[in-house]
Amino acid sequence: MLSRRTLFYACLAALFVVAIAAVSAYVRWEIAHRPHEYDGWRRTAWPFPPDHWGEGQAWRGHGLDLYVRPKLDFFLNCDARVTDDSTIDRAADLDLIDPLFEPLAPGQRIRITDLVGRSRLYKLPSREPARLAEAIAVSYRCHLIVALAVGNVADDKLRRIARRFLEADPVQDWINPQLEQK
């Protein structure tokens, strides 16, 4: 027969193990469900209705909304690249935010990580107040990756912050597995 002291310590140890397991489960749940924050960027829900390209990821930070998604098998010719502004106009998801978007200037060549494409500034006149957006489109094999930064993108500093975030771990860790699965 076990003594009372032994039973007490055994119950105390079991209670301690259960408490640690409960705290551990809560922490895992909290990490999985809370908005992830990275250098001032917080992941938010994808705000657009589903279409055949699937959902992307959305982040908010530094006064900007940033939307990113891959468009897998966008190019029929896998040697094709984003070489002109018409590709950005057609593919950059601007119509999801404002179907009356207006380009403000010709696009520019851009490099995000080791991917090359184009970026272009737009005015979103239907928004109150009218807002600006920078659309970015880069190609990877047969795929197109599009990003849209909405906010005060007339400020070069904010555009650079958004572009650096596109190269950061949260975006790359999300997008790279999707590109490699095809």
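Predicted model, so just to flag it, every value in this text is computed and none were measured. (Residues numbered from 1 in each chain as written. Predicted model: local features only at pLDDT ≥ 70, side-chain atom pairs only at ≥ 80, totals over all residues. Heavy atoms only, no water.)

Details of the nonpolar core
With 25 residues, the main nonpolar core has Trp41, Leu66, Val68, Ile145 and Leu166 as its most contacted residues. Secondary structure elements with two or more residues in this core: strand S4 (64-71), strand S6 (108-112), strand S8 (131-140), strand S9 (143-151), helix H4 (156-166) and helix H5 (169-180). If one sorts the elements of this core by residue count, H4 sits on top with five residues. Ignoring sequence-local partners within four residues, the contact set of Leu66 consists of Trp41, Gln57, Ala58, Trp59, Leu148, Ala149, Ala162, Phe165 and Leu166. (Core = buried A, V, L, I, M, F, W, Y, C linked by side-chain atoms within 4.5 Å. Buried < 20%, exposed > 50% of the residue type's maximum accessible area, 1.4 Å probe, protein only. Helix = DSSP H or I, 4+ residues; strand = E, 2+ residues; numbered from the N terminus. Contact = heavy atoms within 4.5 Å.)

Comments concerning unusual backbone geometry
Positioned with a positive phi, His62 is a non-glycine residue whose angle comes to about 55°. Mapped onto the elements of the fold, His62 is located in the loop between strand S3 (57-61) and S4.

Regarding empty space enclosed by the protein
The tally for this structure, following the rule as stated, stands at two cavities of 30 Å³ or more. By volume, the largest cavity is sized at about 130 Å³. What lines the largest cavity is a set of 15 residues, and nearest its centre among them are Ile112, Val138, Ile145, Gln172 and Ile175. Elements represented by at least two residues in the lining of the largest cavity include exactly S8, S9 and H5. (1 Å grid on protein atoms, 1.4 Å probe; cavity = no way out; pocket = protein on both sides within 12 Å on 5 of 7 lines; lining within 4 Å. Points joined across faces, edges and corners; volume = space filled by probe spheres on them.)

Looking at the state of the cysteines
Counted by the stated rule, this structure contains one disulfide. The disulfide partner of Cys78 is Cys142, and the gap between their sulfur atoms is 1.4 Å. With the S-S bond torsion at 80°, the cross-link from Cys78 to Cys142 turns out right-handed. Highlighted residues: Cys78 in the loop between S4 and helix H2 (85-91) and Cys142 in the loop between S8 and S9, separated in sequence by 64 residues. (Disulfide = S-S within 2.5 Å.)

Focus: the packing of aromatic side chains
This model, assessed by the stated rule, comprises nine aromatic pairs. Taking the centre distance of 5.7 Å and the plane angle of 40° together, the rings of Trp53 and Phe74 count as tilted. With a gap of 21 residues between them, Trp53 in the loop between strand S2 (41-44) and S3 and Phe74 in the loop between S4 and H2 connect regions that are remote in the sequence. Between the aromatic rings of Trp59 and Phe165, the centroid separation amounts to 5.3 Å while the plane-to-plane angle is 80°, which identifies the pairing as edge-to-face. Of this pair, Trp59 sits in strand S3 while Phe165 sits in helix H4, and the two are 106 residues apart along the sequence. Taken as a pair, Trp59 and Phe165 share a single burial class, namely buried. (Phe/Tyr/Trp six-rings, centres within 6.5 Å; stacked < 30°, edge-to-face > 60°.)

So, a nonpolar patch on the surface
Residues Phe8, Tyr9, Leu12 and Leu15 make up a contiguous nonpolar surface patch of roughly 450 Å² in combined accessible area. Looking at the secondary structure, you find Tyr9 in helix H1 (residues 4-33). (Patch = residues over 30% accessible without salt bridge, like charges linked within 9 Å, V, L, I, M, F, W, Y side chains within 5 Å. Areas by Shrake-Rupley, 256 points an atom, 1.4 Å probe, with all protein chains shown as cover. Salt bridge = Lys/Arg side-chain N within 4 Å of Asp/Glu carboxyl O.)

A word on the pairing of S3
Most of S3 is tucked away: four of the five residues are buried. Summarising the sheet, S2 and S3 pair through three bridges and their orientation is antiparallel. Within the sheet, the bridge partner assigned to Arg43 lies in S3 and is Trp59. Pairing between S3 and S4: five bridges, direction antiparallel. Within S4, the residue paired with Gln57 across the bridge is Val68. (Pairing = 2+ DSSP bridges.)

Topic: the environment of Val68
With respect to the helices and strands, Val68 occurs in strand S4. With a relative accessible area of 2%, Val68 lands in the buried category.

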